[in-house]
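Tertiary structure, described
Now for the letters of each chain:
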Amino acid sequence: MNRFALPLVLLLAWCAPIQAQLTIEVTGGVEGAQPIAVVPFGVSDGAIPPLDVGSVIAADLARSGRFRPMPTPDMLATPHSASEVDLRDWRLLGMQHLVVGNVSPVAGGFEISYVLFDVFSGDQLLVSSPKTTSAGMRYTAHRIADAIYEKLTGQPGVFATRVAYVTDQDGRVTLRVSDADGYGAQTIVSSNEPIMSPSWSPDGQRLAYVSFEDKRPAIYIQDLASGRREIVARHPGINSSPAFSPDGRSLALTLSKGGNADIYVLDLASRELRQITDHFGIDTEPAWSPDGGSIVFTSNRGGGPQIYKVSAAGGAAERVTFQNDYNAAASYSPDGRSLTLVTRVNGQFRVGLLKLDGGGPTRIMSSGSLDESPSFAPNGSMIIYATHHSGRGVLATASVDGRVSQRLSQDSRDVREPAWSPLFE
């Protein structure tokens, strides 16, 4: 297992699109999901949209595990505006909420008008008419799903976010970015040498990663819109596990330039490098707390790998994990109250969730034998991680509340090392 592995509307315009996309399969149930009807959106005035906006919204809501969209054939009517809605139809069908909408042409693109109803009160909970282009329509559909999700749950949606991941096919390794639903995959960099540990900047515009393309490890930061990249660490020995600070000004990383693997923090403006840990054990896989005040990391200083925490300014480290003989690859939930990590249970590597308030033992979130590289969704509702299925690497997600799990695979490639992007406008 690789223990050095740790989500812009028209992103990556400089890259050619990849035809293959991540295929999502729901593998866990959605018991208790709210019934909702998302009527196929209408089209007016000769508009020819490139996709069915309503189906994208319905699929997003279904993938969250919080909603159960009604199949279109079961609908008694297909209204496209508020004036066409007879809520008695939807009450009869047991729907709690209803979404109707219409796509119209405007100068330079389309206008998507939609309404979210509370079926029983009759209230119009959301009324909006965002404008978009043909190329941006899927992103806009995701944003509409985000708005609906937040209105009904009180929690930001993550459907318009992105996922970075590494693929390997016949020795050709690529770092890719796709929409959270697997569409729109783009190649960031491709090499015959290993690529690993992608990490998002907090504004979602840059990725840091490790590449061995010069036959030795170096840490790169790449601007996604322009494709420009720069080497920020290429010291003798280990250069691994980059992690952006919450303000985007610094990068935590693992270096062995002093003879031992320790945690450092690099100021990206001044290029000043500060050593945070100094121990004869191996310290690696740093991850920042949401407030930027501390860093958790993996260390074998106590024997086997465990999670420790240290101030971002340096100083003494304290041990965080005590259950199980192996804990690694930790990262904070967005609210800072939990960690996701890899833990070994009966010889199998599983993704776990550890509450930091002393709320009990690590909760096991996955069921594979070699699960790794967990990453929180930016609203904290789900964890994405790498696992194996049918003899090859795939990605999987598990909702923190246990409602739903999914498996994401891409044609015949091995897929690994996912990183979920932050929320961004």
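Look a little higher up for the structure.
We now turn to the structure provided with this report.

**Section: the overall build of the chain**
If you tally the helices and strands in the chain, you get three helices and 32 strands. The principal-axis extent of the C-alpha atoms belonging to the chain is close to 70 × 45 × 40 Å. Taken over 425 residues, the chain has a buried fraction of 54%. Taken as a whole, the chain presents about 17,300 Å² of accessible surface, with 49% of it coming from carbon and sulfur.

**Notes on the sheet that holds strand β11 (residues 186-191)**
Spatially, the four strands line up as an open sheet ordered β11-β10-β9-β32, and their pairing is antiparallel. Unpaired on one side and paired on the other, β11 and β32 (414-420) mark the two borders of the sheet. Pairwise comparison of adjacent strand axes, ignoring direction, gives a mean angle of 20 degrees for this sheet.

**Observations regarding the packing of helix α1 (residues 53-63) against helix α3 (residues 137-153)**
As a packed pair, α1 and α3 sit with axes 9 Å apart at the nearest point and diverge in direction by 50 degrees. By the angle between their directions, the pair α1 and α3 is classed as oblique. In terms of crossing hand, the pair formed by α1 and α3 is right-handed. Along its contact with α1, which presents Val 53, Val 56, Ile 57, Asp 60 and Leu 61, the element α3 presents Met 137, Arg 138, Ala 141, His 142, Ile 144, Ala 145, Ile 148 and Tyr 149. Its residues assigned to classes, the contact of α1 with α3 shows 10 nonpolar, one polar and two charged.

**Notes on the nonpolar core**
Nonpolar side chains tend toward joint burial in soluble globular proteins. One finds Phe 41, Val 53, Ile 57, Leu 61 and Ile 148 to be the most contacted residues of the largest nonpolar core, which totals 26 residues. Only β2 (34-38), α1, β5 (97-106), β6 (109-118) and α3 provide two or more residues apiece to this core. In contact with Val 53, not counting residues within four places along its chain, are Phe 41, Val 103, Ile 112, Met 137, Ala 141 and Ile 144.

**Details of the pattern of salt bridges**
Scanning the model with the defined rule gives 12 salt bridges in all. The closest approach of N and O atoms between Asp 86 and Arg 88, which form a salt bridge, is 2.8 Å. Taking the relative accessible area as the measure of exposure, Asp 86 reaches 28% and is therefore partly exposed. Between Asp 181 and Arg 138 there is a salt bridge, and its shortest N-O distance comes to 3.1 Å. Remark: Arg 138 occurs in helix α3 and Asp 181 occurs in the loop between β10 (172-179) and β11; sequence separation between them is 43 residues. For Asp 181, a relative accessible area of 9% puts it in the buried group.

**As for the pairing of strand β20 (residues 283-288)**
In terms of burial, β20 is largely enclosed, as six of its six residues are buried. Pairing analysis gives four bridges linking β20 to strand β21 (residues 294-299), with the strands arranged antiparallel. Bridge pairing in β21 places Ala 287 opposite Val 296. Here β20 folds back onto β21, and the loop between the two strands holds five residues, one of which, Gly 292, carries a positive phi near 75 degrees.

**Regarding the sheet that holds strand β13 (residues 206-211)**
A sheet is described by the order of its strands in space; here four strands give the open sequence β12-β13-β14-β15, paired in antiparallel fashion. Edge positions in the sheet fall to β12 (195-200) and β15 (229-233), since each of these pairs with one other strand and no more. With strand direction ignored, the average angle separating the axes of adjacent strands in the sheet is 25 degrees. In this sheet, strand β14 (residues 218-223) lies alongside β13 in antiparallel orientation, the contact comprising six bridges. Within β14, the residue paired with Tyr 209 across the bridge is Tyr 220.

**Remarks on the packing of aromatic side chains**
The tally for this structure, following the rule as stated, stands at five aromatic pairs. Taken together, a centroid distance of 6.0 Å and an interplanar angle of 25 degrees make the contact between Phe 297 and Tyr 308 stacked. Placement of Phe 297 in strand β21 and of Tyr 308 in strand β22 (residues 306-311) is noted, with a sequence separation of 11 residues between them. Take Phe 297 and Tyr 308: they sit in the same class, and that class is buried. When the ring of Tyr 326 is compared with that of Phe 349, the centres are 4.9 Å apart and the planes differ by 80 degrees; the resulting orientation is edge-to-face. Placement of the pair is Tyr 326 in the loop between β23 (318-319) and β24 (327-332) and Phe 349 in strand β26 (residues 348-355), with a sequence separation of 23 residues. Of the two residues, Tyr 326 and Phe 349, neither departs from the other in class, the shared state being buried. Across the ring face of Tyr 183, the terminal group of Arg 138 is positioned such that the distance to the ring centre comes to 3.8 Å. Above the ring of Tyr 308, the side-chain terminus of Arg 301 is found at 5.4 Å from the ring centroid.

**Overview of unusual backbone geometry**
Negative phi values dominate among residues other than glycine, just as trans dominates among peptide bonds. A positive phi angle, near 55 degrees, is found at Asp 45, a position not held by glycine. Notably, Arg 271 is not glycine yet its phi reads approximately 65 degrees, a positive angle. Tracing the backbone through its elements, the reader meets Arg 271 in the loop between β18 (262-267) and β19 (273-275). With relative accessibility at 34%, the residue Arg 271 sits in the partly exposed group.

**Comments concerning the pairing of strand β29 (residues 382-389)**
Counting buried residues along β29, six of its eight residues qualify, which places the element largely inside the surrounding structure. One ladder, built from three bridges, connects strand β28 (residues 372-376) with β29; its direction is antiparallel. Residue Phe 376 lies in a different strand from β29, and its bridge partner there is Ile 383. A loop of five residues connects β28 with β29, the two strands running antiparallel in sequence, and Gly 380 in this loop sits at a positive phi of about 75 degrees. Hairpin connection of β29 to strand β30 (residues 392-399): two residues between the antiparallel strands, including Ser 390 at a positive phi of 55 degrees.

How each quantity is defined
Residues numbered from 1 in each chain as written. Predicted model: local features only at pLDDT ≥ 70, side-chain atom pairs only at ≥ 80, totals over all residues. Heavy atoms only, no water. Helix = DSSP H or I, 4+ residues; strand = E, 2+ residues; numbered from the N terminus. Buried < 20%, exposed > 50% of the residue type's maximum accessible area, 1.4 Å probe, protein only. Areas by Shrake-Rupley, 256 points an atom, 1.4 Å probe, with all protein chains shown as cover. Pairing = 2+ DSSP bridges. Axes fitted to C-alpha atoms, helices over the stretch in contact; angles between N-to-C directions. Parallel < 35°, antiparallel > 145°, perpendicular 65-115°, else oblique. Left-handed = near helix turned anticlockwise from the far one by under 90°. Contact = heavy atoms within 4.5 Å. Nonpolar A, V, L, I, M, F, W, Y, C, P; charged D, E, K, R; others polar. Core = buried A, V, L, I, M, F, W, Y, C linked by side-chain atoms within 4.5 Å. Salt bridge = Lys/Arg side-chain N within 4 Å of Asp/Glu carboxyl O. Phe/Tyr/Trp six-rings, centres within 6.5 Å; stacked < 30°, edge-to-face > 60°. Lys NZ or Arg CZ within 6 Å of the ring centre and 35° of its normal.

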